[in-house]
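Here are the chains, one letter per residue:
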Amino acid sequence: MSLDFHFNSPVEVLDLPLLRERKVQVSVKRDDLIHPFISGNKWRKLKYILMQALEDRKKTLVTFGGAWSNHLLATACAGAKFGFKTHGFVRGEMVSNPVLSMCRLYGMKLQFVDRASYRDKEMLYEQNFSVQDAVYIGEGGFSVDATLGCKEIVQELPQEYEHIFVASGTGTTVAGLATGVFEQNLSTRVHSIPVLKGGDFLKSDVQSLGVNPENITFHTNYHFGGYAKYTAELLAFVTDFVQNTGIMIEPTYTGKAFYALFDLVKQDYFVPGDQVVIIHTGGLTGFLGMYDKF
Ligand SMILES: *Cc1c(COP(=O)(O)O)cnc(C)c1O
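**Q** Got a minute to help me understand empty space enclosed by the protein in this structure?
**A** To find the voids left in a structure, one rolls a probe of water-molecule size over its atoms. Tallied over the entire structure, the rule returns one cavity of 30 Å³ or more. When its volume is computed, the largest cavity comes out at roughly 40 Å³. If you go around the largest cavity, the residues you meet are V154, L157, Q159, E160, Y161, I164, V181, L186 and T188. Looking at the lining of the largest cavity residue by residue, the classes come out as six nonpolar, two polar and one charged.

**Q** Sorry if this is basic, but what is going on with helix α3 (residues 70-82) here?
**A** One turn of an α-helix holds 3.6 residues; hence residues three or four places apart share an orientation. Helix length check: α3 (13 residues) gives 18 Å between terminal C-alpha atoms against 18 Å at 1.5 Å per residue, within 8%. Burial within α3 is extensive, with eleven of its 13 residues counted as buried. Three or more residues of α3 are buried, namely N70, H71, L72, L73, A74, T75, A76, C77, A78, G79 and F82. The elements touched by buried residues of α3 are α2 (40-55), β3 (60-65), β4 (85-91) and α4 (98-105).

**Q** What should I look at first to understand the layout of surface pockets in this one?
**A** Reported here for the largest pocket is a volume of approximately 1,000 Å³. Every residue lining the largest pocket is counted, 42 residues in all, and those nearest its centre are G66, S69, R91, Y227 and Y253. When contributions to the lining of the largest pocket are tallied by element, the ones reaching two or more residues are α2, β3, α3, β7 (163-168), α8 (172-183) and α9 (201-208). Split by residue class, the lining of the largest pocket holds 13 nonpolar, 21 polar and eight charged. Taken together, domain 1 (11-37 + 143-293) and domain 2 (41-141) each give at least three residues to the lining of the largest pocket, which thus spans both. Taken together, L16, P17, L18, F237, D240, F241, N244, F262 and K266 make up the lining of the second largest pocket. Elements that contribute at least two residues to the lining of the second largest pocket include exactly α1 (17-22), α10 (232-245) and α11 (254-266). In terms of residue class, the lining of the second largest pocket is made up of six nonpolar, one polar and two charged.

**Q** I tried to follow the site of the ligand on my own but got confused; where do I start?
**A** Near the ligand you find 16 residues, and of these K42, N70, T170, T173 and T281 are the closest. Take T170: an N or O atom from its side chain is 2.6 Å from an oxygen atom of the ligand. Backbone polar atom of T172 to an oxygen atom of the ligand: 3.4 Å apart, as the coordinates give it. Considering the ligand on its own, with 390 Å² of exposed area, one finds that the protein chains cover 98% of that surface.

**Q** In this structure, what is going on with unusual backbone geometry? I would like to understand it.
**A** Glycine aside, a negative phi is what most residues show, and trans is what most peptide bonds show. Here the phi dihedral of N185 falls at roughly 60 degrees; this positive angle occurs in a residue that is not glycine. Inspection of the secondary structure puts N185 in the loop between α8 and β8 (189-194). We note that F224 has phi near 55 degrees; this positive angle belongs to a residue other than glycine. What makes F224 buried here is its relative accessible area of 16%.

**Q** Explain the pattern of salt bridges here, please?
**A** It is possible for side chains of opposite charge to pair when their charged atoms get near one another. Enumeration according to the criterion identifies 14 salt bridges in this entry. R22 is paired through a salt bridge with D268; the nearest N and O atoms lie 3.3 Å apart. Linking R22 in helix α1 with D268 in the loop between α11 and β10 (275-280), this pair joins segments that are 246 residues apart in sequence. Two residues, K29 and E156, come together in a salt bridge whose shortest N-O distance is 2.7 Å. Taken together, the residues span a long stretch of sequence, with K29 in strand β2 (residues 25-30) and E156 in helix α7 (residues 144-156) at a distance of 127 residues. With respect to class, K29 is no different from E156; both count as buried. Where salt bridges share partners, they join K29, D31, R44 and E156 into one cluster.

**Q** Please explain the sheet that holds β4 as it appears in this structure.
**A** The strands making up a sheet are joined through hydrogen bonds of the backbone, oriented either antiparallel or parallel. Reading across from one edge, β5-β4-β3-β6 is the order of the four strands in this open sheet, with parallel pairing throughout. Unpaired on one side and paired on the other, β5 (109-113) and β6 (134-136) mark the two borders of the sheet. Sheet twist, expressed as the average angle between the axes of neighbouring strands with direction ignored, equals 25 degrees. Examined bridge by bridge, β3 and β6 share three bridges and lie parallel to one another. Directly across from L61, in β6, lies its bridge partner V135. Sitting on the sheet, α4 touches β4 and β5, and the angle it makes with β5 is about 135 degrees.

What counts as what
- Residues numbered from 1 in each chain as written.
- Predicted model: local features only at pLDDT ≥ 70, side-chain atom pairs only at ≥ 80, totals over all residues.
- Heavy atoms only, no water.
- 1 Å grid on protein atoms, 1.4 Å probe; cavity = no way out; pocket = protein on both sides within 12 Å on 5 of 7 lines; lining within 4 Å.
- Points joined across faces, edges and corners; volume = space filled by probe spheres on them.
- Nonpolar A, V, L, I, M, F, W, Y, C, P; charged D, E, K, R; others polar.
- Helix = DSSP H or I, 4+ residues; strand = E, 2+ residues; numbered from the N terminus.
- Expected span 1.5 Å × (residues − 1).
- Buried < 20%, exposed > 50% of the residue type's maximum accessible area, 1.4 Å probe, protein only.
- Contact = heavy atoms within 4.5 Å.
- Domains from an automatic or database assignment.
- Near = heavy atom within 4 Å.
- Polar contact = N/O pair within 3.5 Å; in protein donor to acceptor, adjacent residues only side chain to side chain.
- Areas by Shrake-Rupley, 256 points an atom, 1.4 Å probe, with all protein chains shown as cover.
- Salt bridge = Lys/Arg side-chain N within 4 Å of Asp/Glu carboxyl O.
- Pairing = 2+ DSSP bridges.
- Axes fitted to C-alpha atoms, helices over the stretch in contact; angles between N-to-C directions.

Bear in mind that shape data such as this cannot, by itself, settle questions of function.
Next comes the structure, spelled out in structure tokens:
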């Protein structure tokens, strides 16, 4: 079977007063349009992992995530689409929510594990599965193979930009972007907005994926208190942005990345004439956990 992934997402230029006033062009690479429920970058990260799994005739995809994990959902859907069984180890006590229900609907078997056992993921995999049958996929898809899929974002861009921005959790997507920019010899500056507190840990993580962290600018002060944390200001920004552009973003990932980019525009971080592209990584299911905030 071939992997029928629909990428080549469109790029849209934003028309907003602040951007006109500062003469900064901001384009959005709409990876949120790759799939209605699945984060575009999660889909890209799975591409080469699944190609290898098909080649190795593996039957089962085994992976890990929190109860709202976009990666679990992506793996569940990809399993259904490409004929793999899927098993998700979920961190923490048993809960129910729309994301986990969608995982089950796609056929994923969910196993809740306490936080202590969750830390030793290789052990969970080894005790329950065999390498002949099952592929181990790290939390969030973190792997060199995953960066290969993300690198293709750069190949799809219609022009050269001065800056490229993305939200970071594990840093895999930004590592892929930096690899793409490096291999194509572009002068584009790559920027990461860590959504977790203490985002400097990403420097060693991207290094372990074969990327020189010097090639990425990490803006570590836009985490709003930590993963999935938010402030009234962030929620107000998300609301304004959605209402002024018609493009949905959510507070956990894309809201923080877009907030950071607009904040930098306001601070005149860019020079007039700069062309900036930001990757809309999708993840709109994150909104389902916060619907009562809007
Ligand atoms: C997972 C995710 C990210 C972070 O990607 P990493 O490769 O882990 O850095 C960004 N945005 C969305 C919407 C995500 O689901």
